[in-house]
Amino acid sequence: MTEIAQAPGKSDAPKLRRISHWIDGRIVAGESGRSGPVYNPALGIQTGEVDFASAGEVGRAVAAAKAAFPEWRELSLSRRQDLMFRIRQLVHERREEIAKILTDEHGKVLSDAVGEVQRGLEVVEHACGIPTLLRGSFSEQASSGIDVYSIRQPLGVAAGITPFNFPAMVPMWMWAPASPVGTRSS
């Protein structure tokens, strides 16, 4: 089925929305003085303005993530799993809304955007079971007098650069598996 975007009329001009940063659990307006337009590519109209981050703002975001990491790491696997299930439920409940945002901001037809969210959601669902997959392993006598074991431990804060053409799916492929991993073995 073909999906068609309607051409904008003069009265259809949307109010431009500001897209700021998310740092330390809150929205933070950009301070760099630089920003870029966000267009609805299907309609050819500007719908927003996104703040570009300065090196200092990126540094504050990384510092906030590093500061949050020890507390996250101390949460039990069952608590992290519960949080992942709650995230999964929120994405599932709002998948149509997320797909509409993808359509507005990236020009994907709605059916493709829904499919992208669903494929990302599948990885979130997989991450809900990761605590079971995080168990290490032990092989006794892998070679004469040599035992081999593996322990899964976190690397710390990481950043991902994702492609523009899959703005929801690929980030979910990155953050969902990384989220419950903050474990340690003793």
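The shown structure was predicted, so the numbers you read here are calculated from the model rather than taken from an experiment.

Asker: Help me understand the packing of helix H2 (residues 77-93) against helix H4 (residues 110-128), please; the structure alone is not making it clear to me.
Answerer: The geometry of a pair of packed helices is captured by two quantities: the angle between their axes and the separation between those axes. Viewed as axis vectors pointing N to C, H2 and H4 meet at an angle of 165°, and their least axial separation amounts to 9 Å. Taken as axis vectors, H2 and H4 run roughly antiparallel relative to one another. Judged by the sense of rotation from one axis to the other, the crossing of H2 with H4 is left-handed. Across from Gln81, Met84, Phe85, Arg88, Val91 and His92 in H2, the residues of H4 making contact are Val117, Leu121, Val124, Glu125, Ala127 and Cys128. Partitioning the contact of H2 with H4 into residue classes produces eight nonpolar, two polar and two charged.

Asker: Looking at this structure, I do not really get H2. What am I missing?
Answerer: Three- or four-residue spacings in an α-helix give side chains the same orientation, since the helix completes a turn every 3.6 residues. For H2, with 17 residues, the first-to-last C-alpha span of 24 Å sits near the 24 Å given by 1.5 Å per residue. Considered for burial, the residues of H2 that qualify are Arg80, Met84, Arg88 and Val91. One side of H2 holds all its buried residues, which, seen down the axis, span an arc of 85°. Looking at H2, the residues exposed on the side facing more than 90 degrees away from the buried face are Ser78 and Glu93. Elements in contact with the buried residues of H2: helix H1 (55-74), helix H3 (95-106), H4 and helix H6 (169-178).

Asker: Got a minute to help me understand unusual backbone geometry in this structure?
Answerer: Glycine aside, negative phi is the norm for most residues, and most peptide bonds take the trans geometry. The residue aspartate 24 is not glycine, and still its phi comes out positive at about 55°. By secondary structure assignment, the location of aspartate 24 is in the loop between strand S2 (21-23) and strand S3 (26-28). The phi dihedral of glutamine 141 is positive, around 60°, even though this residue is not glycine. Structurally, glutamine 141 can be placed in strand S6 (residues 137-143).

Rules used throughout
- Per-chain numbering applies: the sequence of each chain, read as written, is numbered from 1 onward.
- Two thresholds apply to this predicted model, a pLDDT of at least 70 for residue-level local features and 80 or more for giving and counting side-chain atom pairs, whereas whole-chain, interface and lining totals are computed over all residues.
- With hydrogens and water set aside, each side-chain value is computed from the structure's full complement of heavy atoms.
- Where helices are involved, their axes are fitted lines through C-alpha atoms of the stretch in contact, as for all axes, and angles between N-to-C directions lie from 0 to 180°.
- Secondary structure elements follow DSSP: runs of H or I of four or more residues count as helices, runs of E of two or more count as strands, with numbering from the N terminus.
- For classification, angles of less than 35 degrees are called roughly parallel, those exceeding 145 degrees roughly antiparallel, those between 65 and 115 degrees roughly perpendicular, and all remaining angles oblique.
- Crossing handedness: left-handed means the near helix sits turned counterclockwise from the far one by under a right angle, and right-handed means the same turn made clockwise.
- Note on contacts: a residue pair qualifies if any of its non-hydrogen atoms lie within 4.5 Å across the two residues.
- Polar here means any residue outside two lists: the nonpolar Ala, Val, Leu, Ile, Met, Phe, Trp, Tyr, Cys and Pro, and the charged Asp, Glu, Lys and Arg; Gly therefore counts as polar.
- Helix span is expected to be 1.5 Å times the residue number reduced by one.
- When accessible area is computed with a 1.4 Å probe and restricted to protein chains, residues below 20% of their type maximum are described as buried, those above 50% as exposed, and intermediate ones as partly exposed.
- This arc corresponds to the set of directions leading from the helix axis out to the C-beta atoms.

Note that every value here comes from positions in space, so none of it alone points to a role or purpose.
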